[in-house]
Amino acid sequence: MRITAEHQPAYILHTRPYRDTSMLVDFLTPEFGRITAVARGIRSRKTPKRNLLNPFTRLLISFQGKTDLKLLTHFEAEGAHFALTAKHLFSGFYLNELLVRLLPELDAHPEIYSLYEQSLQALSAKQDLEPVLRVFEFQLLQELGYGIDFEADAKSGEVISAHSNYCLDPSQGVYFAHADVPLNFQFSGAHINAIAQRDFVLPEVKQTAKRISRLLLKPLLGSKPLRSRELFS
């Protein structure tokens, strides 16, 4: 099936050289999800629009093609540009890498596009990184069908108690931790309640949320490390 799209809102997730003067560009769009397109001749020194193909700038793009690899026929800036610096910049690259690794091509998720844009706005405003990243991760997993219920025990169905500890099965969710489970495999019910409310004020809740997030993402990302995480070190 041939796809032709005109003036589609898009953000760039990743670019890499292609042949002598072209580039392969991964875009995130609301209507088509993630697409990969060839930008022909864009690496030529005579191409003034090359600077537009940078992350965190909202574009309007047109593309066409029958295969997974589309041809970029037009692009222009739509006005929004998020100037990220230091760890907020690294975090932006992290969001991009997650989307490239986890979001199937041509799998439309308008909610993910909105979530991504809201996250860029928060990073641009230099908001506390941990809440921004955790909200993005948990909502992304939910939209892709891998989210868990932070409000109920996955095995008993009972409401999570702030006075109990729980284990995590990435494929099912959190469940009551019996006494024989080592402490380093347990999570505080009070912390899980806070995560359910997206309340990341306490440092210990942030730490628990990060542990849970990494455990949920690990089966999906596989053994290949995330390059963006290396930037933080």
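Computed from a predicted structure; not experimentally measured.

*Asks:* Can you break down the overall build of the protein chain residue by residue, with the values?
*Replies:* Across its full length, the protein chain carries six helices and eight strands. Traced from its N-terminal end to its C-terminal end, the protein chain shows the element sequence β-β-β-β-β-α-α-α-β-β-β-α-α-α. When the backbone C-alpha atoms are referred to their principal axes, the protein chain occupies close to 65 × 40 × 30 Å. Burial statistics for the protein chain: of 233 residues in total, 45% are counted as buried. Pairs at least 24 apart in sequence give 59% of the contacts found in the protein chain among residues at least 6 apart. By element, 51% of the accessible surface of the protein chain is carried by carbon and sulfur atoms, the whole surface being about 12300 Å². Averaging the coordinates of the 27 positive side-chain charges in the protein chain and doing the same for the 25 negative ones gives two points 12 Å apart.

*Asks:* Outline the pairing of strand β7 (residues 173-176), supporting the account with residue identities and numerical values.
*Replies:* Here strand β6 (residues 165-169) runs beside β7; their pairing, made up of four bridges, is antiparallel. Bridge assignment links Leu168 to a residue of β7, and that residue is Val174. Counting the residues between successive antiparallel strands, the hairpin from β6 to β7 contains three residues.

*Asks:* Give me unusual backbone geometry: which residues, what numbers.
*Replies:* One non-glycine residue with positive phi stands out, namely Phe56, at about 70 degrees. One can find Phe56 in the loop between β3 (33-39) and β4 (57-65). Positive phi is not limited to glycine here, since Leu106 has a value of about 60 degrees. Tracing the sequence through the fold places Leu106 in the loop between α1 (86-102) and α2 (110-124).

*Asks:* Explain the sheet that holds β7 to me, using residue names and the numbers behind them.
*Replies:* The antiparallel open sheet is built from three strands, whose spatial order is β7-β6-β8. On the outer flanks of this sheet lie β7 and β8 (187-188), each paired with one strand and no other.

*Asks:* Summarise the packing of aromatic side chains; cite the residues concerned and give the values.
*Replies:* Aromatic rings considered in pairs are described by the distance between their centres and by the relative angle of their planes. Considering all chains together, one arrives at seven aromatic pairs under this definition. Taken together, a centroid distance of 5.7 Å and an interplanar angle of 40 degrees make the contact between Tyr11 and Tyr113 tilted. A residue pair is termed long-range when its members are at least 10 positions apart, and Tyr11 in strand β1 (residues 3-18) and Tyr113 in helix α2 qualify at 102 residues. Exposure remark for Tyr11: the relative accessible area of 0% places this residue in the buried category. Relative to Phe63, the ring of Phe32 lies with its centre 5.4 Å away and its plane at 75 degrees, an arrangement referred to as edge-to-face. A residue pair is termed long-range when its members are at least 10 positions apart, and Phe32 in the loop between β2 (22-29) and β3 and Phe63 in strand β4 qualify at 31 residues. Connected via pairs of aromatic rings, a cluster forms that spans Tyr11, Phe82, Tyr113 and Tyr116. The ring of Tyr175 is capped by Lys155, whose NZ or CZ atom sits 3.9 Å from the centre of that ring.

Cut-off values and rules
Residues numbered from 1 in each chain as written. Predicted model: local features only at pLDDT ≥ 70, side-chain atom pairs only at ≥ 80, totals over all residues. Heavy atoms only, no water. Helix = DSSP H or I, 4+ residues; strand = E, 2+ residues; numbered from the N terminus. Buried < 20%, exposed > 50% of the residue type's maximum accessible area, 1.4 Å probe, protein only. Contact = heavy atoms within 4.5 Å. Areas by Shrake-Rupley, 256 points an atom, 1.4 Å probe, with all protein chains shown as cover. Lys, Arg positive; Asp, Glu negative; His and termini not counted. Charge placed at Lys NZ, Arg CZ, Asp CG, Glu CD. Pairing = 2+ DSSP bridges. Phe/Tyr/Trp six-rings, centres within 6.5 Å; stacked < 30°, edge-to-face > 60°. Lys NZ or Arg CZ within 6 Å of the ring centre and 35° of its normal.

Spatial relationships are all this shows, so hold off on functional conclusions.
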